[in-house]
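Read off the chains here:
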Amino acid sequence: MDPITTAMRQCRLFDGIPEEKYQNVLACLQGDIKSFRKDTILLQIGECPKRPGVVMDGTLRISLCSEDGNLATIERLERGQVFGETLVCSMAEDSPIQIDALTDVQVLYLDFDPLLLQQENGCPHKAQVTTNLLREMGRGALFLNQKMRILAQNRLRNRIKLYLQMLPVKPDGELHLDMGRGELADYLCVDRSALSRELGRMQKEGILSFQGQRVRILDQNFLRI
């Protein structure tokens, strides 16, 4: 299976569209594939966003700039995830976020004008893509609400708990962090050493145990409270 089809199958933007029609949709939205090396900045803060994209391979990071000038990680994007859709649909002239490549990445850029301007281009799947886009933007809004709830917590332990509640937990109580310790500290907007100390205390108290990015919840009531 070619990489475009693989990425589109994993992307909710194309839910409900038969695979044999993917090329028609790409033609409608003027799909364009670009490759970027690790650490490349795809969109800078203050830059005018032009086209949304879908991650075909690799990992992107979305960041905000804090008051002290440091970047705070908002989200990591993997294969099949969409980025830039809210900025483009809102017609923002200055991006409040930065998007950069954590690894070498391939991106499928799209043109949303046929969706936003209701252009007549004869694509029968335009309505389905538009519906999927609205759902994706709704999920994005929900994610940001969850992130705001995390940052509203004064106690670091509560921030950790809310983050862990967002991750799928296996029946044996194990879960897998989707980022490393440094990135998690950025995501929670705390110092890395403070995060390590709190995790260490939680392990001593029998709440959880961890090895690398694998975490086992020992106190089953912790995530329920």
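Scroll up a little and you will see the structure.
Here the residue index of a chain counts from 1 through its sequence in written order. Predicted model: local features are reported for residues with pLDDT of at least 70 only, side-chain atom pairs are reported and counted for 80 or more only, and whole-chain, interface and lining totals are derived from all residues. Water and hydrogen atoms play no part in the side-chain values, which are based on all heavy atoms of the structure.

K.L.:
Give a description of the packing of aromatic side chains that names residues and reports values.
P.N.:
Any two aromatic rings considered together are summarised by their centre-to-centre distance and by the angle between their planes. Two rings belonging to Phe, Tyr or Trp (six-membered ring only in the last case) form a pair when the distance between their centres is within 6.5 Å. Interplanar angles under 30 degrees mark stacking, angles over 60 mark edge-to-face geometry, and anything in between is tilted. Going through the model one piece at a time under the given rule, you end up with 4 aromatic pairs. Ring centres of Phe-14 and Tyr-22 lie 6.3 Å apart, and the angle between their planes is 50°; on these two criteria the pair is classed as tilted. Only protein chains enter the accessibility calculation, which uses a 1.4 Å probe; a residue is then buried when its area is under 20% of its type maximum, exposed when over 50%, and partly exposed in between. Overall, Tyr-22 belongs to the buried group, its relative accessible area being 5%. Centroid distance Phe-83 to Tyr-109: 6.1 Å. Interplanar angle 80°. Geometry classified as edge-to-face.

K.L.:
How would you explain the pairing of strand S11 (residues 214-217) if you had to name every residue and give the values?
P.N.:
Of the two faces of S11, only the one carrying Val-215 and Ile-217 is buried; Arg-214 and Arg-216 on the other face are not. A pair of strands counts as paired when DSSP detects no fewer than two bridges linking them. Secondary structure follows DSSP: runs of H or I at least 4 residues long count as helices, runs of E at least 2 residues long count as strands, and numbering of each begins at the N terminus. Relative to S11, strand S9 (residues 174-176) is paired through 3 bridges, and the arrangement is antiparallel. Paired with Glu-174 across the two strands is Arg-216, which belongs to S11. Bridge analysis of strand S10 (residues 208-211) against S11 gives 4 bridges, and the strand direction is antiparallel. Bridging across to S11, Ser-209 finds its partner in Arg-216. Between S10 and S11, which pair antiparallel and follow one another directly, the connecting turn spans 2 residues, one of which, Gly-212, has a positive phi of 65°.

K.L.:
A description of the environment of Ile-160 should follow, citing residues and the corresponding values.
P.N.:
With respect to the secondary-structure elements, Ile-160 resides in helix H6 (residues 156-165). Contact definition: two residues touch when any of their heavy atoms are within 4.5 Å. Beyond its immediate sequence surroundings of up to four residues, Ile-160 is in contact with Leu-188, Leu-195, Glu-198, Leu-199 and Met-202.

K.L.:
Explain the sheet that holds S11 residue by residue, including any values.
P.N.:
Strand order in the open sheet formed by 3 strands is S9-S11-S10, with antiparallel pairing between adjacent strands. Two strands lie at the open edges of the sheet, namely S9 and S10, each paired on one side alone. Mean inter-strand twist for the sheet, computed between neighbouring axes without regard to direction, equals 20°. The convention used is that axes are lines fitted to C-alpha atoms, helices contributing only their stretch in contact, and that angles between N-to-C directions extend from 0 to 180 degrees.

K.L.:
Quick rundown of the nonpolar core? Include the residues and the values.
P.N.:
Only buried residues count toward a nonpolar core. Its members are Ala, Val, Leu, Ile, Met, Phe, Trp, Tyr and Cys residues joined through side-chain atoms within 4.5 Å. Grouped together as the largest cluster of nonpolar side chains are 40 residues, with contacts concentrated most on Leu-42, Leu-60, Phe-83, Tyr-163, Leu-164 and Leu-188. The element that contributes the greatest number of residues to this core is H6, accounting for 5 residues. Beyond its immediate sequence surroundings of up to four residues, Phe-83 is in contact with Leu-42, Pro-52, Gly-53, Val-54, Val-55, Leu-60, Leu-77, Ile-99, Val-107 and Tyr-109. Ala-7, Tyr-22, Phe-112 and Cys-123 belong to the second largest nonpolar core, which has 22 residues in total.

K.L.:
An account of H6 is requested, with residue identities and associated values reported.
P.N.:
Counting buried residues along H6, 8 of its 10 residues qualify, which places the element largely inside the surrounding structure. Three or more residues of H6 are buried, namely Leu-156, Arg-157, Arg-159, Ile-160, Lys-161, Leu-162, Tyr-163 and Leu-164. Tucked into the core, H6 has its buried residues touching helix H5 (126-151), S9, helix H7 (181-188), helix H8 (192-204), S10 and S11.

K.L.:
Tell me about the packing of H6 against H8, and please be specific about residues and values.
P.N.:
Packing of H6 against H8 leaves a shortest axis separation of 10 Å and a crossing angle of 80°. One element, H6, and the other, H8, form an angle in the roughly perpendicular class. Residues Leu-156, Arg-157 and Ile-160 of H6 form the contact with H8, whose own contacting residues are Ala-194, Leu-195, Glu-198, Leu-199, Arg-201 and Met-202. Amino acids outside the nonpolar list (Ala, Val, Leu, Ile, Met, Phe, Trp, Tyr, Cys, Pro) and the charged list (Asp, Glu, Lys, Arg) are all regarded as polar, and Gly is one of them. Here the residues of the contact of H6 with H8 sort into 6 nonpolar, no polar and 3 charged. Working definition: roughly parallel below 35 degrees, roughly antiparallel above 145 degrees, roughly perpendicular at 65 to 115 degrees, and oblique for all remaining angles.

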